[in-house]
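Tertiary structure, described
Residues per chain are reported as follows:
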Amino acid sequence: MPDIQQMANAIRFLAIDAILNAGEGHQGVPLGMAEIAAVLCANHLKADPADPLWPDRDRVVLSNGHGSMLLYALLHLAGYEAVSTEALKTFRRLGSVCAGHPEIEQHAGVEITTGLLGQGIACAVGMALAEARLAAEFGPVLVDHRTWAFVGDGCLQEGVGQEAISLAGHLRLGKLTFLWDDNHITDDGDTLLSISEDVPARFRAAGWHVECLDGHDIAAIDTALAAATADPRPSLLACRTTIARGLPRLQGRRGGHSAPITPADRAEAAALTGWQHPAFDVPAAVRADWGRLAERGGAARRAWTARQAADPGAADFARRVAGRLPAGWAGLATELRQAATAEPRPTIAASGDVCDALAGPLPETLVLCADLEAPTNHKRGRAAFTAQDRAGGYVHCGVREHLMGAMACGIAAHGGLRPVNVTYLAFADYERPAMRMAALMGLPALFVFSHDSIGVGSNGPTHQPVEILASFRAMPNMAVFRPADAVETAEAWEIALETGDGPSLLALSRQDAMPVRGADRAENRSRRGAYVLAEARGNRALTLLATGTEVALAMAARDALEAEGIATAVVSMPCWELFEAQDDGYRAAVLGEAPRIGIEAAMQFGWERWLRPGDRFIGMTGFGASDRAEALYAHFGITAERIVEAGRALVAGAVSR
């Protein structure tokens, strides 16, 4: 039998040594949860360090990510090659796999970037849901694993934590287990300063299996983990622990969280535990005990490999896990462009058309929606994913956007599915932390937002997101699409699904979008971010730059200006990020040298990239108002007539100069 206490002490001292070496870090979690992690790895975790990307491995999420040395120590001890002793010695240093907070390095066993507290457990819900969905589709021969999350008080106090508890319980995600570090200490001090509720009762009320135990009692931990594995409900193990256990000066105290530690602290810990080994040194016997995880995991992986070789779904499963689109995708994408309606139609409805058409040929698309099935219209022929039916392709998330965004990250990081997150653009700020994590991790999640402008109408300014486009365009590695019509909407979907290294945002209209592309559908013109939709008749005197439903206004203004003899071009700009990535020559050819007018029913912030001094912007200067869309466009001066008036003045000014 392995000496699990010594396995736990190895975690403790690797954490202490790495933190001392770095000069900073958070010792509270790795020292307080060492026994929990050691028992999990010794007897329950299914993983093979020799093949970190094995699709049927258990997923481990460190939601209390400040305690990152807990994860790095157990990965090192388990035998993950990338987390070597030298890597531990570079903890919190530039380029290290052992970053201050875990950053997704799946080849090294780091499954996801947890970042802000609460995001990790919400991502874990997404991972558990992904496992359940794939298991329903491919069966337990290919998919049968668990998701384990180390959880701190902060994760459960953040609002997203309650959303995670609620939906996971409702969906009975029985292969999800939270390991709660119930140490009664936060950064400010005793948890009684800010919380007095019965936390386990919250979980019980949501339908979870709950075990309360001593987080340092190895036998109790083992029994609780076995009970969690056997129970069909998601499980909370409320592990009563001592923060920074083993450091006499800091254990059980506020400073145990992250107060600076010294060599003297290490010496006292060594005397207390009997660990008489130099820094970063782990005895061979202890390493051998840790090696049992690799032996058990390797055997499980080999058995899985043998089984899947004869499984008829193995090839498609491998394609899905690798993130490859199916054979014939290019033809299907062309069909979607060709099928896009030539009639006025809200772009959110056009997006629903695409989503529905993909349900069969692209079964990996999994729609998450926040209680907006009717107004966003992306369910259609898809069945609901429920506690009784795991095969559904549509998840009713309820009014839980914070969770839904993070679930999209967890699903994408898990692999095998493409999450499609659907809600209103005004609610995107609920999802911003998760979207930021998706961009940081380079996850291929698709965030589809309806009600993108003052075109929302009489719901009023609370639901009119005039500033949100600019804020997401400022986010690195986030492709923001605002398509003009149904054709550009299909093109945006095509590009997003072909993008494997980052998320995409579609900002779509509630009101009808007038068709602007007509029969021009042979190629995906949105792929370059912006393009000349209509060239001037003669030498350009004016260029109109527009996005979304305002492209049709620009086209109407162009007709009037051309009738007056002002040679006017219209440039549609569905994705600024893609346009910025084009070469200088292409951008110059599209933008031209003539005076420019930018047109968007949003704030001007960011348009200075495309407009020069003297150019004009027609859009919003503040929040919206309550009335019908057409009345609001007229009230705020976002009309073809206003564009014509501004165009005349610009051209006249250019001529006079």
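Brief notes about the overall build of the protein chain
Regarding its fold elements, the protein chain presents 25 helices and 20 strands. Whereas a compact globule of 657 residues would reach a radius of gyration of roughly 26 Å, the protein chain reaches 28 Å, a difference of no more than 12%. Dimensions of the protein chain along its principal axes, counting C-alpha atoms only, are 90 × 55 × 45 Å. Here the protein chain holds 657 residues, and 61% of them are scored as buried. For the protein chain, contacts bridging at least 24 residues in sequence account for 78% of all contacts bridging at least 6. Split by element, the accessible area of the protein chain, about 23400 Å² in all, is 53% carbon and sulfur. Positive and negative charge centroids in the protein chain, built from 59 and 77 side chains respectively, lie 1 Å apart.

Focus: unusual backbone geometry
Phi is positive for R172, close to 50°, though the residue is something other than glycine. Of note, R172 is situated in the loop between helix 8 (159–170) and strand 3 (176–182).

Describing the packing of aromatic side chains
The final tally for this structure, using the stated rule, is 14 aromatic pairs. Judged by centre distance (5.4 Å) and plane angle (25°), the ring pair of Y424 and F427 falls under stacked. For F427, a relative accessible area of 18% gives the class buried. Both rings, one in F579 and one in W610, keep their centres 5.2 Å apart while their planes meet at 50°; by these two values the pair is tilted. Of this pair, F579 sits in helix 22 (residues 576–580) while W610 sits in the loop between strand 19 (596–603) and strand 20 (616–620), placing them 31 residues apart in sequence.

Observations concerning the environment of P312
Looking at where P312 falls in the secondary structure, it is placed in the loop between helix 12 (284–309) and helix 13 (314–322). Classification of P312 as exposed rests on a relative accessible area of 82%. The sequence separation of P312 and F138 amounts to 174 residues, and the corresponding C-alpha distance is 9.3 Å.

Things to note about the sheet that holds strand 1 (residues 59–62)
One open sheet holds the five strands; their spatial order is 1-2-3-7-6, and the pairing between them is parallel. Edge positions in the sheet fall to strand 1 and strand 6 (209–214), since each has one partner strand and no second. The sheet shows a mean angle of 15° between the axes of neighbouring strands, taken without regard to direction. Note that strand 2 (residues 147–151) and strand 3 share five bridges and pair parallel. The residue bridging V151 from the neighbouring strand is W180, located in strand 3. Contacts from helix 4 (residues 68–78) reach strand 1 and strand 2, with the element oriented near 150° to strand 1. The strands touched by helix 6 (residues 119–138) are strand 1, strand 2 and strand 3; relative to strand 3, the strand with the most contacts, the crossing angle is about 160°.

What about helix 3 (residues 34–43)?
The buried fraction of helix 3 is high, at nine of ten residues. Within the span of helix 3, buried status applies to A34, E35, I36, A37, A38, V39, L40, C41 and A42.

What about the sheet that holds strand 20?
Spatially, 16-18-17-19-20 is the arrangement adopted by the five strands of the open sheet, whose pairing is mixed. For this open sheet the edge positions go to strand 16 (531–534) and strand 20, each flanked by a neighbour on one side alone. Taken over all neighbouring pairs, the strand axes of this sheet differ in orientation by 25° on average, direction set aside. One ladder, built from five bridges, connects strand 17 (residues 542–546) with strand 18 (residues 568–572); its direction is parallel. Looking across to strand 18, one finds that T543 is bridged to A569. Sheet contacts for helix 21 (residues 550–563): strand 16, strand 17, strand 18 and strand 19; angle to strand 17, the most-contacted strand, approximately 165°.

Quick look at the pattern of salt bridges
Taken as a whole, this structure holds 40 salt bridges when the rule is applied. Between R266 and D17 there is a salt bridge, with its nearest N and O atoms 2.5 Å apart. With R266 in helix 11 (residues 263–273) and D17 in helix 1 (residues 4–22), the pair connects residues that are 249 residues apart, well separated along the chain. Classification of R266 as buried rests on a relative accessible area of 14%. For E364, the salt bridge identified is with R319, shortest N-O distance 2.8 Å. Taken together, the positions of E364 in the loop between helix 15 (347–358) and strand 9 (365–369) and R319 in helix 13 put the pair 45 residues apart, joining distant regions of the chain. The class of E364 is buried, set by a relative accessible area of 5%. Each of the salt bridges in this network shares a partner with another, and the network as a whole consists of R133, E137, D316, R319, R320 and E364.

Digging into the packing of helix 14 (residues 329–339) against helix 20 (residues 486–498)
Where helix 14 meets helix 20, the closest approach of the two axes is 8 Å, and the angle between their N-to-C directions is 160°. Taken together, the axes of helix 14 and helix 20 are roughly antiparallel relative to one another. Residues W329, A333, L336 and R337 of helix 14 pack against V487, A490, E491, E494, L497 and E498 of helix 20. Residue composition of the contact of helix 14 with helix 20, grouped by class: six nonpolar, no polar and four charged.

Rules used in this analysis
Residues numbered from 1 in each chain as written. Predicted model: local features only at pLDDT ≥ 70, side-chain atom pairs only at ≥ 80, totals over all residues. Heavy atoms only, no water. Helix = DSSP H or I, 4+ residues; strand = E, 2+ residues; numbered from the N terminus. Rg over C-alpha atoms; globule rule 2.2 N^0.38 Å. Buried < 20%, exposed > 50% of the residue type's maximum accessible area, 1.4 Å probe, protein only. Contact = heavy atoms within 4.5 Å. Areas by Shrake-Rupley, 256 points an atom, 1.4 Å probe, with all protein chains shown as cover. Lys, Arg positive; Asp, Glu negative; His and termini not counted. Charge placed at Lys NZ, Arg CZ, Asp CG, Glu CD. Phe/Tyr/Trp six-rings, centres within 6.5 Å; stacked < 30°, edge-to-face > 60°. Pairing = 2+ DSSP bridges. Axes fitted to C-alpha atoms, helices over the stretch in contact; angles between N-to-C directions. Salt bridge = Lys/Arg side-chain N within 4 Å of Asp/Glu carboxyl O. Parallel < 35°, antiparallel > 145°, perpendicular 65-115°, else oblique. Nonpolar A, V, L, I, M, F, W, Y, C, P; charged D, E, K, R; others polar.

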